[in-house]
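Structure at a glance
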Amino acid sequence: MAFAAEILPSDDTLLDAYSASVADAVDRIGPAVCRIERIGAGGHGSGFVIAQDGLVVTNFHVVGDARAVRVTMPDGASREGHVLGRDPDTDIALVRADGSFADVAPLGDSKRLRRGQIAIAIGNPLGFEWTVTAGVVSALGRSMRASTGRLIDDVIQTDAALNPGNSGGPLVSSAGEVIGVNTAMIHGAQGIAFAVASNTANFVISEIIRFGRVRRAFIGISADTTNLPRRAALLSQVTTNTAVRLRSVEKNGPAAKAGLKEGDIIAAIDGRPVTGVDDLVRMLDAERIGRETLCTVVRRTGVSQVKVTPVARTS
């Protein structure tokens, strides 16, 4: 019996498909990417419009303490913007620019990201406006230190080239959705850059719109997302495949006082599954400050219920 030979796509075909994916994503998001300058203070960075009424996302370190900024779009239109709120703990700021905008950049769901998928950075590095670089999502669930000294959890690592001026610009998927806010690169390293996950940015934006600032309950931990073994899921009575593992526990913090330790896995809070760091961030809102919170904790010795009382997060 004769078998038909498998026909594989040529290198040119694969390259064209990759090029088309990147170009289509840039065509969709690029018109919503802006240059941001502090009025009277010098320096610039990037940002992107998320709503037609002029809401613009950028980095805290791009706007600093400025109240007003200049927002310039790819078509050359320049408008004044006012900083609505800023969150140094996640390096996110929200600006309201004057006027209306036809093009917006939708925020995607960073929880669905996978290592190896295409990541596209758009911004204004070193004065070269609206530059596009592309790479892949190198790693997920990284932590990096914010200017406040606290750790930003659930950070995306990418090898898409970033340079000064890229800060605040979008990291984009091939589907044309913003998956992160570009925030940092490591000087002297090649192919290592970071973006705040879109789900974290979405939480911060919602808090700023509602309250003008981000309200948080604090328990004194840093964490990352980890797989939850099936046996542990059954014992903890949750139906998810992932949870949160504690990377460090702050001495004398609420978590330490409650008996939580490095390596513990938090599978649920008050009976609600914690599938990742972004879930943990959302659950530890201002409503939990001073309120006893029940954490379902998975350890090698089994599953236990630990009561933690969060405190108000300062700064």
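A few points on the structure. This structure is a prediction, so every number in the text was calculated from the model and none was measured. (Residues numbered from 1 in each chain as written. Predicted model: local features only at pLDDT ≥ 70, side-chain atom pairs only at ≥ 80, totals over all residues. Heavy atoms only, no water.)

Take the pairing of strand β3 (residues 55-58) next. Here β3 shows a buried face lined by Leu55 and Val57 and a second buried face lined by Val56 and Thr58. Where strand β2 (residues 44-51) and β3 come together, three bridges link them in antiparallel fashion. Looking at β3, one finds that Phe48 is bridged to Val57. Hairpin connection between β2 and β3: a loop of three residues separates the two successive antiparallel strands, and Gly54 in this loop has a positive phi of roughly 100°. In this sheet, strand β6 (residues 92-97) lies alongside β3 in antiparallel orientation, the contact comprising four bridges. Bridge pairing links Val57 to Leu94 in β6. (Buried < 20%, exposed > 50% of the residue type's maximum accessible area, 1.4 Å probe, protein only. Helix = DSSP H or I, 4+ residues; strand = E, 2+ residues; numbered from the N terminus. Pairing = 2+ DSSP bridges.)

In a structure, side chains of opposite charge can pair up when their charged atoms sit close to one another. Within this structure, the stated rule accounts for 15 salt bridges. The shortest N-O distance in the salt bridge between Asp224 and Arg245 comes to 3.2 Å. Residue Asp224 is found in strand β14 (residues 221-227), and its partner Arg245 is found in strand β15 (residues 242-249); the two are separated by 21 residues along the sequence. Among the residues examined, Asp224 registers a relative accessible area of 10% and is labelled buried. Here the salt bridges share partners, and the residues they tie into one network are Arg35, Glu37 and Glu129. (Salt bridge = Lys/Arg side-chain N within 4 Å of Asp/Glu carboxyl O.)

Moving on to the side chain of Arg35. In this structure, Arg35 sits in strand β1 (residues 33-38). A polar contact of 3.0 Å, which involves the side chain of Arg35, links it to the side chain of Glu129. Beyond its immediate chain neighbours, meaning those up to four positions away, Arg35 contacts His44, Gly45, Arg70, Val71, Thr72, Asn124, Glu129 and Trp130. (Polar contact = N/O pair within 3.5 Å; in protein donor to acceptor, adjacent residues only side chain to side chain. Contact = heavy atoms within 4.5 Å.)

Pairing in this closed barrel of six strands is antiparallel, and the strands run β7-β8-β9-β12-β11-β10 around the ring. Within the sheet, the average angular offset between the axes of one strand and its neighbour, ignoring direction, is 50°. Judged from the five bridges that link them, strand β11 (residues 178-185) and strand β12 (residues 193-197) form a sheet pairing that is antiparallel. Along β12, the bridge assignment pairs Gly180 with Ala197. Those strands touched by helix α3 (residues 198-211) are β9 (151-158), β11 and β12, and its axis lies near 45° from that of β12. (Axes fitted to C-alpha atoms, helices over the stretch in contact; angles between N-to-C directions.)

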